[in-house]
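Architecture at a glance
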Amino acid sequence: MASAIITSSKLYPFPSPSLKPSLFLRSTFLPFPSSITLPSFPSKSCPKSLPISSSLNPNPPSSQRRPPYIPNHIPDPNYVRVFDTTLRDGEQSPGATLTSKEKLDIARQLAKLGVDIIEAGFPAASKDDFEAVKTIAKEVGNAVDGNGYVPVICGLSRCNEKDIKTAWEAVKYAKRPRIHTFIATSAIHLEYKLRKSKEEVLDIARNMVRFARSLGCNDVEFSPEDAGRSDREFLYEILGEVIKAGATTLNIPDTVGITMPSEFGQLIADIKANTPGIENVIISTHCQNDLGLSTANTIAGACAGARQVEVTINGIGERAGNASMEEVVMALKCRGEHVLGGLHTGINTRHIVMASKMVEEYTGLHVQPHKAIVGANAFAHESGIHQDGMLKHKGTYEIISPEDIGLERSNEAGIVLGKLSGRHALSDRLKELGYELDDVQLGNIFWRFKEVAEQKKRVTDADLVALVSDEVFQPDVVWKLLDLQVTCGTLGLSTATVKLIDADGRKHVACSVGTGPVDSAYKAVDLIIKESVSLLEYSMNAVTEGIDAIATTRVLIRVEKSHLSTHALTGELVHRTFSGTGAGMDIVVSSVKAYVSALNKMLGFKEQYPAKASSIERTPASS
């Protein structure tokens, strides 16, 4: 397979290693055939010096605003649609199970960001997945803003009539509904997973896209799973057939994350050059991160002509995850005008931090400190040389201003919060951090803030974020921790007395012994709640420096008679897990809060879907 190199003006084919040196020298400067339309890179794209300002304009000029939505056409040739699959592929991360309420909250935040398409889930997976997608379609999919923007709400389906009908029944309530259907096309998948011939798969793809259109859906996306390892000629053929059948977007997934950026860019360019009818659809990318190249591959795909990018918040997803929304968007924002031929998105980047934090808290998947854009160290400067440069001009070491992604510098805010601070000062600071809380939420946060401020000289932004997460990003309360007393040490058994309050206001007390304070406290909670669960993961982190830091705890549990759902790609039944988080200056209190939070999520799920939670009809992935 030929790879490619990207220069400042065009994408060129890189020769096969088998070519002789003389041929190599001549072929490296042969451009693609003229039939391929690639983004133009004007000479100004490689300026002698880049702008020294690190601040980016969060509101693009009028020429770069969001164009009208047409399923198979984008009026602005440089506009790149952002397709967010946090709620579908992202939720497939182990331990990232989300409740319907959490999915709705995240979908609303994605709409604030301005993503073009929200893949709200896999409706055929289970009854709760169906209901969550349906709710998002009704509420978020009809919330049109003053500029006429409303996100497309998409549901994933395998290439079979049952899945497609279920997806349509879930998304049809949105103003702009989309069905996304897929079937594998690589040789290894055809032989071992589907056990079908190319002709059979071609016929299934053609008929199922046609079937989706027959339901009344005028926006159908098709994905050839494992496109990166698929035979090129078969790929061109099946894509051409689904275009004829009515597909409006063709998504090209690097399902196992195996391609290099040059290879993936070449793949998109080849599809653009060889697929009949390609000018009538949008080409999309979906890059997994198994080799750490998902963002690079996504950008390479956009440079080669793709005008939709499939991403997730914080890059969560199967195995090593997906292309990270914040990385792809900020790469286009930083370098789109100067290097990438004017490519741009409609994302309001000031909502990135809030979206990242919400997904982190709801899924329980912590963002690594050195994660690009949203990691805790992304704007930290410890080296003396770097600090000196920053003091003289921030552009010396920052290519992005933290304010552009919604992150305020705590040492430049002008307000120092402490025990004498009032509700108004706290409210203003939370708004600066991106939190819009109602009066009840603010009241709860305020009293938690005062408790912490009594013990700390200064309450930092990290402390506030932990407190908000502990109050706002929690599941509906079934049980709440009221009091906790533990005795532990080297002189005897650890004991814990726990007092919980239920949804009706009744108080329940239990005492237990264990191998440590957390173990004994968890056993006491089990005596009250009477649910047999397994603790799969437990982790703790200090949100700030110092011995008085607030600790955040995350746990992952699974009930013995576990709820089941269907995995989108494999068709296997998988056990649902439930995560919970807690925060507090006392690590045992923080741990019990996290455990109760996970139990609340699990109990809320059981109450909402009691009938079919563990009885889901399985549909073969290829029928």
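Because the structure is a prediction, the values reported are computed rather than measured.

Considering the overall build of the chain
Within the chain, the regular secondary structure consists of 17 helices and 18 strands. With 623 residues in all, the chain has 55% of them scored as buried. In the structure as shown, the chain presents an accessible area of about 27,100 Å², 54% of it carried by carbon and sulfur atoms.

Structural notes on the nonpolar core
Formed by 116 residues in total, the largest nonpolar core has its most connected members in Leu113, Phe222, Leu250, Ile252, Leu426 and Phe449. Three or more residues apiece are contributed to this core by two domains, here domain 1 (81-363) and domain 2 (416-473). Those residues within four positions of Ile252 in sequence are excluded, and the remaining contacts are Pro224, Ala227, Leu239, Phe264, Leu267, Ile268, Ile271, Ile283, Ser284, Thr285 and His286. If you look at the next biggest cluster of nonpolar residues, it comprises 28 residues, including Ala496, Ile557, Leu599 and Met602.

What to know about the packing of aromatic side chains
Within the structure shown, the criterion is met by three aromatic pairs. Seen in terms of ring centroids, Phe446 and Trp447 are 5.3 Å apart; in terms of plane orientation they differ by 70 degrees. Their pairing is edge-to-face. The interplanar angle of 10 degrees and the centroid separation of 4.0 Å between the aromatic rings of Tyr522 and Tyr595 together place this pair among those described as stacked. Pair noted here: Tyr522 is in helix H16 (residues 517-529) and Tyr595 is in helix H17 (residues 587-608), with a separation of 73 residues, a long-range link.

Quick word on a nonpolar patch on the surface
A cluster of nonpolar residues, Leu535, Tyr538, Met540 and Ile587, forms a patch on the protein surface that exposes about 350 Å² of accessible area. The biggest single contributor to the nonpolar patch is strand E14 (residues 533-542), with three residues. Position of Leu535 among the secondary structure elements: in strand E14.

Here's the deal with unusual backbone geometry
Trans peptide bonds make up most of the peptide bonds, and negative phi angles are found at most residues other than glycine. We note that Arg319 has phi near 50 degrees; this positive angle belongs to a residue other than glycine. Mapped onto the fold, Arg319 is located in the loop between strand E10 (308-311) and helix H10 (325-335). Classification of Arg319 by relative accessible area gives partly exposed; the value is 46%. Despite not being glycine, Ile373 has its phi angle at roughly 75 degrees, a positive value. With a relative accessible area of 13%, Ile373 lands in the buried category.

Here's the deal with the side chain of Thr85
In this structure, Thr85 sits in the loop between strand E3 (81-84) and helix H2 (100-113). Side chain to side chain, Thr85 and Glu119 meet in a polar contact 2.7 Å long. The residues contacting Thr85, other than those within four sequence positions of it, are Gly90, Glu119, His286, Val311 and Thr312.

A look at the side chain of Thr363
Considering the arrangement of structural elements, one finds Thr363 in helix H11 (residues 352-363). When its relative accessible area of 1% is taken as the criterion, Thr363 is described as buried. A polar contact is formed between the side chain of Thr363 and the backbone nitrogen of Leu365, at a distance of 3.2 Å. Apart from residues lying up to four places away in sequence, Thr363 is in contact with Gly95, Ala96, Leu98, Ile316, Arg554 and Ser579.

What to know about the confidence of the model for the chain
Chain-level statistics for the chain give a pLDDT mean of 83 and a share of 80% at 70 or above. Predicted confidence is poor over residues 410-414, with pLDDT under 50, and the contacts of this stretch with residues over four places away or in other chains come to seven contacts. Scored below 50 in pLDDT, residues 611-623 shows 30 contacts in the model against residues more than four places distant or in partner chains.

Quick look at the sheet that holds strand E18 (residues 578-584)
A sheet is described by the order of its strands in space; here three strands give the open sequence E14-E15-E18, paired in antiparallel fashion. The sheet is open, and its two edges are formed by E14 and E18, each paired on a single side. Going from strand to strand, the sheet's axes swing by 20 degrees on average, the running direction of each strand aside. Note that strand E15 (residues 551-559) and E18 share seven bridges and pair antiparallel. Among the inter-strand pairings, Leu556 is bridged to a residue of E18, identified as Ser579.

Considerations on the sheet that holds strand E9 (residues 282-287)
Taken together, eight strands build a closed barrel; the order of strands is E3-E4-E5-E6-E7-E8-E9-E10 and the barrel is parallel. Each adjacent strand pair in this sheet contributes to an overall mean axis angle of 25 degrees, direction not counted. As paired strands, strand E7 (residues 220-225) and strand E8 (residues 249-254) are joined by two bridges and run parallel to one another. Considered in E8, the bridge of Glu221 is made with Thr249. Helix H7 (residues 232-245) rests against E7 and E8 of the sheet, and its axis sits at about 165 degrees to E7.

Cut-offs and rules
Residues numbered from 1 in each chain as written. Predicted model: local features only at pLDDT ≥ 70, side-chain atom pairs only at ≥ 80, totals over all residues. Heavy atoms only, no water. Helix = DSSP H or I, 4+ residues; strand = E, 2+ residues; numbered from the N terminus. Buried < 20%, exposed > 50% of the residue type's maximum accessible area, 1.4 Å probe, protein only. Areas by Shrake-Rupley, 256 points an atom, 1.4 Å probe, with all protein chains shown as cover. Core = buried A, V, L, I, M, F, W, Y, C linked by side-chain atoms within 4.5 Å. Domains from an automatic or database assignment. Contact = heavy atoms within 4.5 Å. Phe/Tyr/Trp six-rings, centres within 6.5 Å; stacked < 30°, edge-to-face > 60°. Patch = residues over 30% accessible without salt bridge, like charges linked within 9 Å, V, L, I, M, F, W, Y side chains within 5 Å. Salt bridge = Lys/Arg side-chain N within 4 Å of Asp/Glu carboxyl O. Polar contact = N/O pair within 3.5 Å; in protein donor to acceptor, adjacent residues only side chain to side chain. pLDDT = per-residue confidence, 0-100. Pairing = 2+ DSSP bridges. Axes fitted to C-alpha atoms, helices over the stretch in contact; angles between N-to-C directions.

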